Amino acid sequence: MMPSQSNAQPNQQQSPQQVFEQARRMLALGDAHEAAQRAALLRSHFPGQTPMVALHGLAVAALGLHELAVEDLAAAADATESALKERASDDVNLPRIADQLIRLTTQLARSYEAMGRRAEADAALARALGVDPEDPFATQAKVEMLAGRAEIDAARAFLDEANGLGLEELPAAMSAAAVALARRDTSADEFRMLALRLRALTEAVGLDAVTQSMALRRCGELFDRAGEGDDAFRAFTRAANFKRGTFDAAAHARVTSGVISVWTAAAMDKVKKPTAGGAGVVFVVSAPCSGGEELGRAMAAHDSVASAGPSEVLTMAALRQAGAKGTKHRPVVTNPSQLRGSQLGELAKLYMAQTARNAYPGGRSVLVDSSPLHTHLIGLAAMAMPEAKFVLVRREPRSNALACFFGATPGHHPYARDLATTASYLRDVRMLMDHWASVLPAMGCTVVETSREALVADPDAETARVMAAIGLDGTVAGPRFGAEAADHPDRYAKRLGPVEPFFAPGAGETAARTG
């Protein structure tokens, strides 16, 4: 479900204020998916009210939908800043308003940074620090952004200055860890000391779920760099326990097998389809944490390409126009033979209009949609938009599983609470990608395949190869991937042992027969 297009209905007994407080609590607990649904409902009813707009922007950003979040975050920040200036100096609400402005502009900076819009990220963070130069979370964001850009000296200098001003202990430890992880000369002993310090801080009473899970993941990264795989795995597992939702692996496998069994080339060929549509649309299809989103955003540096980010517009269009049915996890279209050409044409129009509105930069001829949650609907996209092109991005299965389990994957990923369900889910995604890789070319679609490993080995050359294959001239800088614990699965061989059957060649086919 697209967070900004929620189908959720308000409880008859709940007032808007109660729904608002419920959404705030859910966001603090790390349940961004449920928070975003409620925030979207409130925003649709109260579009001009700053608290509703702000909550929606923060919730959508937590889902990783930064292209959708920045407009709301910027509007709410502007309104909050105006309110701050209008208040009398002795107004008791000033500290609360200032804190909200810092939170909004700090998240706006992080969202811009995730989109590669560094100048705007710097400007947003300067606004936050302009309100309070000593704010711990804006300070942490700046150190992490500088470290992420490999501006190590600047990150260290800013952190030293902040420590001199009395930076709070947890943000200081998180910031120091970010710098250490970005440096090339950090010793194993230093990593271990930082990890032990951070682990002790996670035991503090009163930490909210989001902060604690972020600190535990950072702790896991530090232990991993220190070569202590068992301590790293324990920290990552504690962090995974904060992920929200439930996942029925058997049900998901059945849905996946059902999609594969009915969305065949023969069945799709019998449907009366539009002869045109989707020109300029590129679907980057991948599992979560396998490089698809990064590739999509890198491609948007081309002067003809705009990024729609990892949006859920296709899901929304499938629900509205193609009769997609909800399952326990993802909506699917269960019978392609019942689709009509008019339905598919309307779906394409809706998809194109909504995606163009959300894409950045605007007004470009090529739109890249890199959502990792489209895999069940790719056949539908190909039928509705026969001119669309598809890029399939894969990753070595063990590394992919660890990355999803270890990482703070934005969005709704309940399978990632457990390594076994993560491996099961990713097996299903690989089955679907294998299926589309064989079916789409038979329909005359352009399909290009690549992998995260190829993008890591030579990001510029591999990105150029992919773009040339979909008809784009010129070159852009390919995506850069930071080092992560999932890069060396052999260190976690003992933990991966029980789920190795999910990675074996043919595991998907076995699941299709038995699921």
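Residues numbered from 1 in each chain as written. Predicted model: local features only at pLDDT ≥ 70, side-chain atom pairs only at ≥ 80, totals over all residues. Heavy atoms only, no water.

Draft legend 1. Main features of the overall build of the protein chain. The helix and strand tally for the protein chain stands at 24 helices and 5 strands. At 23 Å, the protein chain has a C-alpha radius of gyration in line with the 24 Å of a compact globule built from 515 residues. Counting only C-alpha atoms and orienting by the principal axes, one finds that the protein chain spans roughly 70 × 55 × 50 Å. Here the protein chain, with 515 residues, has 53% of them falling under the buried criterion. Considering only contacts in the protein chain between residues 6 or more positions apart, those separated by 24 or more positions represent 75%. (Helix = DSSP H or I, 4+ residues; strand = E, 2+ residues; numbered from the N terminus. Rg over C-alpha atoms; globule rule 2.2 N^0.38 Å. Buried < 20%, exposed > 50% of the residue type's maximum accessible area, 1.4 Å probe, protein only. Contact = heavy atoms within 4.5 Å.)

Draft legend 2. Layout of the confidence of the model for the protein chain. For the protein chain, mean pLDDT is 90; residues scoring 70 or higher make up 96% of the total. A low-confidence stretch, residues 1–11 (pLDDT under 50), is modelled with 33 contacts involving residues beyond four sequence positions or located in other chains. Across residues 509–515 the pLDDT falls below 50, and counting only partners more than four positions away or on other chains, this stretch makes 6 contacts in the model. (pLDDT = per-residue confidence, 0-100.)

Draft legend 3. Region of the structure containing the nonpolar core. L198, W263, F283, L339, L380, M385 and F390 are the most contacted members of the largest nonpolar core, which has 133 residues in total. Looking at this core, the element that brings in the most residues is helix 20 (residues 419–442), giving 10 residues. If sequence neighbours within four positions are ignored, L339 has contacts with W263, V271, A322, V333, L344, L380 and M383. In this structure, V282, A300, V448 and M467 belong to the second largest nonpolar core, which totals 17 residues. (Core = buried A, V, L, I, M, F, W, Y, C linked by side-chain atoms within 4.5 Å.)

Draft legend 4. Region of the structure containing the side chain of T375. Note that T375 resides in the loop between strand 3 (366–369) and helix 18 (378–384). The exposure class of T375 is buried, given its relative accessible area of 2%. In this structure, T375 is in contact with V285, S286, V429, L432, M433 and W436, ignoring residues within four places of it in sequence.

Draft legend 5. Molecular detail of the sheet that holds strand 1 (residues 281–286). The parallel open sheet is built from 5 strands, whose spatial order is 2-3-1-4-5. Of all strands in the sheet, those bounded by a partner on one side alone are strand 2 (305–309) and strand 5 (446–451). When the angles between neighbouring strand axes are averaged without regard to direction, this sheet yields 20°. As defined by bridge partners, strand 2 adjoins strand 3 across 4 bridges and the pair is classed as parallel. Note that in strand 3 the partner of V305 across the bridge is V366. Along the sheet, helix 22 (residues 459–469) contacts strand 4 (389–394) and strand 5; its crossing angle with strand 5, the most-contacted strand, is approximately 170°. (Pairing = 2+ DSSP bridges. Axes fitted to C-alpha atoms, helices over the stretch in contact; angles between N-to-C directions.)

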